[in-house]
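Inside the fold
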Amino acid sequence: MEMIASISLRAIVGAAIVTASAYVVAATCPTVLDHNLNNIKGDAANLCQYSGKVVLVVNTASKCGYTPQYEGLQKVYDKYREQGLVIIGIPSNDFGKQEPGSNAEVAEFCERLFKVKFPMLEKASVTAPNANPLHEALAKSTGQRPKWNFHKYLVSRDGKEIVSFASNVAPTAEELDKTLVRLLAAK
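Okay, so let's go over this structure. None of the values given here were measured: they were computed from a predicted structure. Residue positions are counted from 1 within each chain, in the order its sequence is given. At least 70 in pLDDT is required for a residue's local features to be given in this predicted model, at least 80 for side-chain atom pairs to be given and counted, and no such filter applies to totals for whole chains, interfaces and linings, which use all residues. As a rule here, side-chain values come from all non-hydrogen atoms in the structure, and water together with hydrogens is ignored.

Observations concerning the overall build of the protein chain
The condition is simple: The helix count covers DSSP runs of H or I at least four residues long, the strand count covers runs of E at least two residues long, and both are numbered beginning at the N terminus. By definition in these notes, contact holds between two residues if any of their heavy atoms fall within 4.5 Å.
Looking only at helices and strands, one finds five helices and six strands in the protein chain. N-terminal to C-terminal, the α/β element order of the protein chain is α-β-β-β-α-β-α-α-β-β-α. Of the contacts made within the protein chain by residues no fewer than 6 positions apart, 66% connect residues no fewer than 24 positions apart.

Comments concerning the sheet that holds strand β4 (residues 85-91)
Operational definition: Should DSSP find at least two bridges between two strands, the strands are regarded as paired. Only the stretch in contact is used when a helix axis is fitted, and all axes are lines through C-alpha atoms; the angle between N-to-C directions ranges over 0 to 180 degrees.
Read from one edge to the other, the open sheet built from four strands follows the order β4-β3-β5-β6, with strand pairing classed as mixed. Every interior strand has two partners, whereas the edge strands, β4 and β6 (162-165), have only one. In this sheet, neighbouring strand axes are inclined to one another by 15 degrees on average, regardless of whether the strands run parallel or antiparallel. By the bridge criterion, four bridges tie strand β5 (residues 152-155) to β6 in an arrangement that is antiparallel. Bridging across to β6, Tyr 153 finds its partner in Ser 164. On the sheet, helix α5 (residues 174-185) packs against β3 (54-60), β4, β5 and β6 and is oriented at approximately 20 degrees with respect to β5.

A short note on the packing of helix α2 (residues 69-80) against α5
Short version of the rule: Note that the term roughly parallel is reserved for angles under 35 degrees, roughly antiparallel for angles over 145, roughly perpendicular for angles of 65 to 115, and oblique for everything else. Helix crossings fall into two classes, left-handed where the near helix is turned counterclockwise from the far one by less than a right angle and right-handed where it is turned clockwise. The classification used treats Ala, Val, Leu, Ile, Met, Phe, Trp, Tyr, Cys and Pro as nonpolar, Asp, Glu, Lys and Arg as charged, and all other residues, Gly among them, as polar.
Between α2 and α5, the least distance of the axes is 13 Å, while the angle of their chain directions is 30 degrees. Comparing the axis directions of α2 and α5 gives the class roughly parallel. Relative to α5, the crossing made by α2 is right-handed. The segment α2 lies against α5, with Val 76, Lys 79 and Tyr 80 engaging Asp 177, Leu 180, Val 181 and Leu 184. Here the contact of α2 with α5 is built from residues that sort into five nonpolar, no polar and two charged.

A word on the pairing of β6
Condition: For every residue, the accessible area obtained with a 1.4 Å probe (protein chains only) is divided by the maximum for its type, and the residue is called buried under 20%, exposed over 50%, and partly exposed between those limits.
Burial along β6 is two-sided: the face carrying Ile 162 and Ser 164 and the face carrying Val 163 and Phe 165 are both buried. Connecting β5 to the next strand, β6, in antiparallel fashion are six residues, including Gly 159 with a positive phi near 75 degrees.

With respect to the side chain of Ser 125
Assignment of secondary structure puts Ser 125 in the loop between α3 (103-114) and α4 (133-142). On the accessibility criterion, Ser 125 (18% relative accessible area) is buried. Not counting the four nearest positions on each side in its chain, Ser 125 is found in contact with Ser 92, Asp 94, Asn 130, Ala 131 and Asn 132.

With respect to the pairing of β4
To be explicit about the condition: Crossovers are marked right-handed if the path from the first strand over the helix to the second runs clockwise, as seen with the strands pointing away from the viewer.
Taken across its seven residues, β4 has seven buried, putting it largely inside the fold. Burial of β4 is two-sided: the residues Leu 85, Ile 87, Gly 89 and Pro 91 facing one way and the residues Val 86, Ile 88 and Ile 90 facing the other way are all buried. The parallel pair β3 and β4, bridged by α2, forms a crossover whose chirality is right-handed.

Distances and angles like these do not, on their own, reveal function.
So this is what it looks like as structure tokens:
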């Protein structure tokens with residue numbers, strides 16, 4: 001009986017710790033990141049896991065003139081991830097039907113051709129009225145919606161500053177890099 005009571009007490013304490021941890025994450029999660037989406041493998045991904053990081057959100061496509069930007073995105077990720085950068089790629093078929101593949105095909109393409117290691121979410125719409133909740137929040141915050149593939153949003157650690165960059169701004173462009181360095185320096 002004493003052993004059962006001990007196990008029950010451990011279960012209650014464990015549940016309390018998990019609940020408290022979830023509350024802390026929820027309490028510190030910027031509203032713009034407070035979304036549950038699926039990663040490219042179809043597993044649930046709570047974007048609050050990126051709270052406290054600088055987040056670069058990019059809508060991607062495999063058959064676009066900007067597709068080589070995957071290489072620059074990976075370079076930026078490699079350069080700054082230890083300082084707190086996360087890049088989130090969201091494949092979308094919204095513009096020119098340039099992302100026709102399945103999630104598995106997109107993942108394989110990104111790995112094989114560009115050695116992408118940053119998080120990728122499953123294919124989703126980024127345009128109104130069907131935009132995924134993250135892109136809807138980003139568009140409302142900045143007043144700018146993607147007009148083509150590889151539109152970028154840079155989100156500060158606290159989610160209070162969001163900067164939008166058009167598709168033709170390369171991931172390694174000076175204007176994006178300066179903003180990124182400034183946001184990473186803010187703790």
